[in-house]
Amino acid sequence: MDSTLQRPRPILMTPIRRCGSHALRLRLNQSPEFYSPYPLHIIDFMPLLDMYGDLSDDFNYFQLVVDVVGLQTATMVKWENVALDPVRIFEAIAHQPRSIHRIAWEMLFQAGQQHRAKVVMDKSLDNILYAHDLIELFDDVLFLNVVRDPRAQVASINRAIIHDFDTVLNTMHWVKAHDMAHQLSIQHPDRVLTIRFEDFISHPAPTLNAVCDFMGIEFLDDMLDVSSSSEAQQLARMSALWQTNHSAPIPANIDKFRKSLSMEEIEAIETLAADHMERYGYERITSGQMDVNDELLSKAKHQSKERKTQAWDELRDNDPRDFQLRSFRADYLAMIRGRLHQSVASTVSDDSRLSVPSNV
């Protein structure tokens, strides 16, 4: 890699998955100035972070670098034509503020430099949780906030192996994410561009033009046709969740949620997401006055747990390759957790022996 290349500008897409994010990413990737690979979704790694101990210790920090680089190799979609060296990543950031986010972004920066990109984007939308950490790390970070009708998005989330398996619970995730994104846009209006996915579907050229202007890259007509993208074709073959990514979005699908959600589910969404629906111009079709009480939430959590097992069983039976790739990533994280537990237990055991008074 040419060390004289300037660091690309960091951009994070927010705030929650199944918003049409792949459709946007794949089209922007048609630009040689832009680079955004399949996301790491570092949020899945966060529960392990405290087990690494003091990150000012080079041993601990380098181990974290090695493991996060390994996460990319365990991810469903590999970063094409990119070679990441944990030693080079560690040496590049060893004397900077230490953070798992700094590691993940250095991976993206180095990959972007290998592609000679001007900007890089992380599509790990759930990282809206760490937006302020990123602002502290990078004074030039931007946020592309993608809004989608919560009824359509929750219906999509319900079918995915992410979050929960219940409309009420997933709507609560949606609302929490958009609460944070809205506050971010108020606190840092110059850093945030908010677009609606429906506007991208109905008016792709002006929407993509606005996004490109915000990012400081040139809009290309090639962005309007993703059918020639080899990455889009690959994604479409890998998972039923991504089958439509190699073709143009279908405007008629905007209201598809009416067929997949019951009227009770729609009312639950319109009750919980009422403020954001009004803010972004989505009209309700119910009164939006459902009583979302503790009893309803308890039932939702119970049903979600049952549906999770069922969903994984169905994925294994209907799409074994997708199931195996997702399982491999989960197994990788479980392996790291087991190793860290063992390391912590060994350290505690050694400290206990050292604290035993000598009989001499």
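Residues numbered from 1 in each chain as written. Predicted model: local features only at pLDDT ≥ 70, side-chain atom pairs only at ≥ 80, totals over all residues. Heavy atoms only, no water.

Turning next to the overall build of the protein. The secondary structure content of the protein amounts to 15 helices and 5 strands. Per-residue burial for the protein yields a buried fraction of 51% across its 360 residues. Across the protein, the fraction of contacts at a sequence separation of at least 24, relative to all contacts at a separation of at least 6, is 76%. Total accessible area on the protein stands at roughly 17800 Å², and carbon and sulfur atoms take up 50% of it. (Helix = DSSP H or I, 4+ residues; strand = E, 2+ residues; numbered from the N terminus. Buried < 20%, exposed > 50% of the residue type's maximum accessible area, 1.4 Å probe, protein only. Contact = heavy atoms within 4.5 Å. Areas by Shrake-Rupley, 256 points an atom, 1.4 Å probe, with all protein chains shown as cover.)

Looking now at the packing of aromatic side chains. Each aromatic ring pair is specified by the distance between its two centres and by the angle formed by the two planes. Using the criterion set out here, one finds 8 aromatic pairs in the structure. Relative to Phe138, the ring of Phe109 lies with its centre 5.4 Å away and its plane at 80°, an arrangement referred to as edge-to-face. Of the two residues, Phe109 sits in helix H4 (residues 100-114) while Phe138 sits in the loop between helix H5 (131-137) and strand E4 (142-147), which places them 29 residues apart along the sequence. With respect to burial, Phe109 and Phe138 carry one shared label: buried. With a centroid separation of 5.7 Å and 40° between ring planes, the pair formed by Phe197 and Phe200 is classed as tilted. One end of the pair, Phe197, and the other, Phe200, are both in helix H8 (residues 197-202), 3 residues apart, so they sit about a helical turn from each other. We classify Phe197 as buried; its relative accessible area is 9%. (Phe/Tyr/Trp six-rings, centres within 6.5 Å; stacked < 30°, edge-to-face > 60°.)

This paragraph deals with the nonpolar core. Ranked by size, the top nonpolar core spans 49 residues in total, and within it Phe45, Leu64, Val68 and Phe143 carry the most contacts. Looking at this core, the elements that each hand over two or more residues are helix H2 (58-73), helix H3 (86-93), H4, H5, helix H7 (167-187) and helix H15 (320-355). A per-element tally of this core places H4 first, with 8 residues. (Core = buried A, V, L, I, M, F, W, Y, C linked by side-chain atoms within 4.5 Å.)

Okay, the confidence of the model for the protein next. Should pLDDT be low for a region, the predicted coordinates there are not to be read in detail. Overall, the predicted model of the protein reaches an average pLDDT of 90, with 89% of residues at or above 70. The low-confidence segment residues 354-360, where pLDDT is below 50, has 0 contacts with residues more than four positions distant or belonging to other chains. (pLDDT = per-residue confidence, 0-100.)

Let us now look at helix H14 (residues 294-318). End to end, H14 covers 35 Å across 25 residues, agreeing with the expected 36 Å (1.5 Å per residue, within 8%). Within H14 the residues assigned to the buried category are Leu297, Ala300, Ser304, Ala311 and Leu315. At the N-terminal boundary of H14, the capping side chain belongs to Asn293, with an oxygen 3.2 Å from the backbone nitrogen of Glu295. (Expected span 1.5 Å × (residues − 1). Polar contact = N/O pair within 3.5 Å; in protein donor to acceptor, adjacent residues only side chain to side chain.)

The geometry of H2 relative to H3 is characterised by a closest axis approach of 9 Å and an angle of 130° between their N-to-C directions. Comparing the axis directions of H2 and H3 gives the class oblique. Here the hand of the crossing between H2 and H3 comes out right-handed. Two secondary-structure elements touch here, H2 through Asp58, Tyr61, Phe62, Val65, Val66 and Val69 and H3 through Pro86, Val87, Ile89, Phe90 and Ile93. Taken together, the residues of the contact of H2 with H3 break down into 10 nonpolar, no polar and 1 charged. (Axes fitted to C-alpha atoms, helices over the stretch in contact; angles between N-to-C directions. Parallel < 35°, antiparallel > 145°, perpendicular 65-115°, else oblique. Left-handed = near helix turned anticlockwise from the far one by under 90°. Nonpolar A, V, L, I, M, F, W, Y, C, P; charged D, E, K, R; others polar.)

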